[in-house]
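Coordinate analysis (summary)
Residues per chain, in single letters:
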Amino acid sequence: MSTHINILILFLGMTLFFSEPSDHKKQDPVINTNKDAIDKKVDSLLALMTIDEKVGQMNMYNGFWDATGPVPKEGGAKTKYDHLRKGWVGGMLNVRGVDDVRAVQKIAVEETRLGIPLIIGYDVIHGYKTMSPIPLAEAASWDLEAIEKSARNAAIEASAAGINWTFAPMVDISRDPRWGRVMEGAGEDPYLGSQIARARVQGFQGDDLTKNNTIAACAKHFASYGFAEAGREYNTVDIGPSTLYNIILPPFEAAANAGVRTFMNSFNDLNGVPVSGSSFLQRDILKTKWNFDGFVVSDWASIWEMISWGIAKDKKDAARIAATAGSDMDMEGYVYIEQLANLVKDGIVDEAIISEAAGRILRVKYELGLFDDPFKYCDEDREKALIGSKAHTDDALDMAKKSMVLLKNETNLLPLQKKGQRIALIGALASEKNSPLGSWRLASDDDSAISVLEGMQAYSENTLQYEKGVELVIGKTSFIKEVEINTTNKDGMTEAILAAKNADVVVMVMGEHGFQSGEARSRTQLDLPGLQQELLEAVFKVNKNIVLVLQTGRPLTIEWAAEHIPSILVGWQLGSQSGHAIAQVLYGDYNPSGKLPMTFPRQVGQVPIYYSHKTTGRPSNSEDNVFWSHYIDQENSPLYPFGYGLSYTEFEYSNLKVLGSNFSVNDTINMTVDLTNVGNYDGKEVVQLYIRDLVGSVVRPVRELKGFELVELKKGASMTIAFSLTKDELGFYNNNGDYVIEAGDFEVFVGGNSDAALTAQFRLK
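Residues numbered from 1 in each chain as written. Predicted model: local features only at pLDDT ≥ 70, side-chain atom pairs only at ≥ 80, totals over all residues. Heavy atoms only, no water.

Moving on: the sheet that holds strand S2 (residues 91–93). Ordered in space as S4-S3-S2-S1-S10, the five strands form an open sheet in which the pairing is parallel. In this open sheet, the two edge strands, each paired with only one partner strand, are strand S4 (165–166) and strand S10 (330–331). (Pairing = 2+ DSSP bridges. Helix = DSSP H or I, 4+ residues; strand = E, 2+ residues; numbered from the N terminus.)

Structure representation (structure tokens):
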């Protein structure tokens, strides 16, 4: 055993390395259940560390060489490698696979002075190798157990590949579908977003972070990234305190309360302060008000980017601002590693700030069990057995089916008959095997998704003819390059029209390519890209029996389709099992039950559009003139509201009762509603509860989601659903950030979407 290991054991009195006897490890307590013991270990280790080693823990590098290949000899890679050997790197990202992770971890624990293990991060957003639906699609399921299981499976696969930290979940609320990263979140509503944030954190982290199949989660992007002006990526954010406290922050607080171990700040500014340098967010809110004891990582080079923002004059200034503000780890910014130690030595930054940040990072490493066994995630047998397993594939299929939203089924074209029909399948996306994987699928294999064509071919008793119609994209697509859309080449349109003319039913698969949404994929137009709208209208002229399957990473403006096409199914980007899931829904082997987590606008000029808007002082035209809040060229209402989604069956709501009428602030308000399946199929329904606080010291929204239940009913069956409201649901944050509950009159609304018509009232005294 080397001298430095002996010294560390002497000081800490603990087992540090994989080479220590396994029976000793078994005697250690589960470390993340004993905060005091971990704090003592952190403090003891910090006492041994130099300022350079503490700053090193705050430094994160991207994978910079083939870790199992030759040692880098020159350039930036050599500098990073030298830093790794000196213990000046606390974490790495985009290093994956047992062999590569073991190689970098071996350097950290065997070649550095103190042998501190690395934390290994990766963007495990909606699966690792096995891809689940994009997060926005999963949110459409409103199925918290399924969402948690999806994150659990992703953690199992990622941990089997050597990863112990994911940069997920993204819990940014956004009301603007122009912003491409809406695909990565849970939509527009803070209540739904908070429930999903909690489920995803629990899925990734499990019940014990020391297990080798759990990984640390990361709530991002803290905060307000989803409110970038005009939906333009990386843009400025300028909002008031009411929106910040009531809309943006609740999902982050829910993640913190669920025990998330890391936060990531973001690229935007908030009211003139880049959030990587915001003491208000990172120290006042997160670390003080919420008592968060994990660590904050920057987004990629976001600390360095404060120079471009004009808030820092150089790297030295950026390092000072960010560290002082509470940004603990610098991801690929090279700012901390180059500047912080000297700032401390010059007396500009207090070493206590550095010790606190390094200590937070070390604490999470202890909680993960990395000091007990730095190679706990490096097991080739787990890697082979778990990644891409049948169990995960089956779960991905189940999640995909639960995520689809039926927007329209006017003539009951759906479900399709299983025999005796001539079906024309049209659209470039129908045969796509890459696009359905969605964005943020870094570890997946290209072209590995089941296409809609393949899914429908499994139903062999119908006559199926496929025609591409028109190409959607030109050339090869990539995560780092903009997708080039075909706007001129109409080859194939004639053949598609002919196939449609001879078919009983036409299934048209249209929408966005998977790489048209995601980071840096903002759009000013939300219609069907390229020549798809022209193809849709041409087919409609020869055959009106059209089922439109909409594959997308965001709400689109499909006003023409909503008026003319009889059946519309939102098929999102559903991951590895996309085609099988869509086919099973189209053929009725699964009854769709998804509900929209974001409003679908009629036109992009309505954006931002969301259900929980304020009433304004002139909400309606009561005097037959133009002086009220409206557009002169479009109605105010959305095309499809938040919470909307149909089923192959029908549900009837009745008998909403509030069990009482006058309540005190501390009372629990109970209510019930009856639900009956009056259709011809068994089905699931998301029963949604909304409230309105009629008079408040701060203007309240016209409706706010405060509860939902996912229930399943046989055809002809009825059930009574119970809801309860407490002070947790009835209050709001005032403009000082204080949570208040005010006496007065409330309305409640229950139904299948945010336009629910069944209503009752009660009063708080």
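Where side chains of opposite charge bring their charged atoms close, a pairing between them can arise. Per the stated rule, a full pass over the model turns up 46 salt bridges. Here Lys80 ties to Glu332 by a salt bridge, and the two come within 2.8 Å at their closest N and O atoms. Here Lys80, found in helix H5 (residues 75–86), pairs with Glu332, found in the loop between S10 and helix H14 (335–345); they are 252 residues apart in sequence, far enough to count as distant. The same class applies to Lys80 and to Glu332, which are both buried. Across the pair Asp504 and Arg422 runs a salt bridge, and its minimum N-O distance is 3.0 Å. Residue Asp504 is found in the loop between helix H19 (493–501) and strand S14 (505–511), and its partner Arg422 is found in strand S12 (residues 422–426); the two are separated by 82 residues along the sequence. Among the residues examined, Asp504 registers a relative accessible area of 27% and is labelled partly exposed. Through salt bridges with shared partners, one network takes in Asp123, Arg181, Glu184, Lys220 and Glu519. (Salt bridge = Lys/Arg side-chain N within 4 Å of Asp/Glu carboxyl O. Buried < 20%, exposed > 50% of the residue type's maximum accessible area, 1.4 Å probe, protein only.)

A separate point is the side chain of Asn486. Of note, Asn486 is situated in the loop between strand S13 (463–467) and H19. Asn486 gets classed as buried once you look at its relative accessible area, which sits at 2%. A polar contact is formed between the side chain of Asn486 and the backbone nitrogen of Thr488, at a distance of 3.2 Å. For Asn486, the side chain forms a polar contact with the main-chain nitrogen of Asn489, separated by 2.9 Å. Not counting residues up to four positions away in its chain, the partners in contact with Asn486 are Val470, Glu471, Leu472, Val473, Ile474, Gly530 and Leu531. (Polar contact = N/O pair within 3.5 Å; in protein donor to acceptor, adjacent residues only side chain to side chain. Contact = heavy atoms within 4.5 Å.)

For the structure on display, the rule yields 32 aromatic pairs. Aromatic side chains Tyr61 and Phe64 sit 6.5 Å apart centroid to centroid with 85 degrees between the ring planes, which places their arrangement in the edge-to-face category. Comparing Tyr61 with Phe64, the two get one shared label, buried. Ring plane angle 65 degrees and centroid distance 5.2 Å describe the contact between Tyr733 and Tyr739, whose orientation is recorded as edge-to-face. Taking the relative accessible area as the measure of exposure, Tyr733 reaches 19% and is therefore buried. (Phe/Tyr/Trp six-rings, centres within 6.5 Å; stacked < 30°, edge-to-face > 60°.)

Before going further, it helps to examine helix H13 (residues 315–325). For an α-helix, the turn length of 3.6 residues means that residues three or four places apart are oriented alike. All of the buried residues in H13 are Asp317, Ala318, Ala319, Ile321, Ala322, Ala323 and Ala325. Looking at the buried residues of H13, the elements they touch are helix H11 (279–289), helix H12 (306–309), H14 and helix H15 (351–367). One side-chain oxygen at the N-terminal end of H13 lies 3.3 Å from the backbone nitrogen of Lys316; it belongs to Asp314. Among the residues trailing H13, Gly326 stands out with phi positive, at a value near 105 degrees.

The next thing to look at is the packing of helix H10 (residues 241–257) against H11. Contact geometry for H10 and H11: axes closest at 15 Å, N-to-C directions at 80 degrees. Between H10 and H11, the crossing angle belongs to the class labelled roughly perpendicular. Along the contact surface, H10 presents Leu244, Tyr245 and Leu249, while H11 presents Phe280, Leu281 and Ile285. Residues belonging to the contact of H10 with H11 are distributed by class as follows: six nonpolar, no polar and no charged. (Axes fitted to C-alpha atoms, helices over the stretch in contact; angles between N-to-C directions. Parallel < 35°, antiparallel > 145°, perpendicular 65-115°, else oblique. Nonpolar A, V, L, I, M, F, W, Y, C, P; charged D, E, K, R; others polar.)

This next bit is on the packing of H11 against H13. Look at H11 against H13: their axes get within 8 Å of each other, and the N-to-C directions meet at 20 degrees. One finds that H11 runs roughly parallel with respect to H13. Between H11 and H13, the contacting residues are Ser279, Gln282 and Arg283 on the first element and Ala323, Thr324 and Ala325 on the second. Here the residues of the contact of H11 with H13 are counted per class, giving two nonpolar, three polar and one charged.

Take H19 next. Within H19, burial applies to Met493, Ala496, Ala499 and Ala500. What you see down the axis of H19 is that its buried residues fit within an arc of 125 degrees, all on one side. Seen from the buried face of H19, the exposed residues on the opposite side, beyond 90 degrees, are Thr494, Leu498 and Lys501. Buried residues along H19 sit in contact with S12, S13, S14 and helix H20 (532–542). (Arc of directions from axis to C-beta.)

Okay, the pairing of S14 next. Burial analysis of S14 places seven of its seven residues in the buried class, which makes it a mostly covered element. Residues Val505, Val507, Val509 and Gly511 of S14 are buried on one face, and the alternating residues Val506, Met508 and Met510, pointing to the opposite face, are buried as well. Note that S12 and S14 share four bridges and pair parallel. Residue pairing across strands places Leu425 opposite Val507, the latter belonging to S14. Pairing between S14 and strand S15 (residues 546–551): six bridges, direction parallel.

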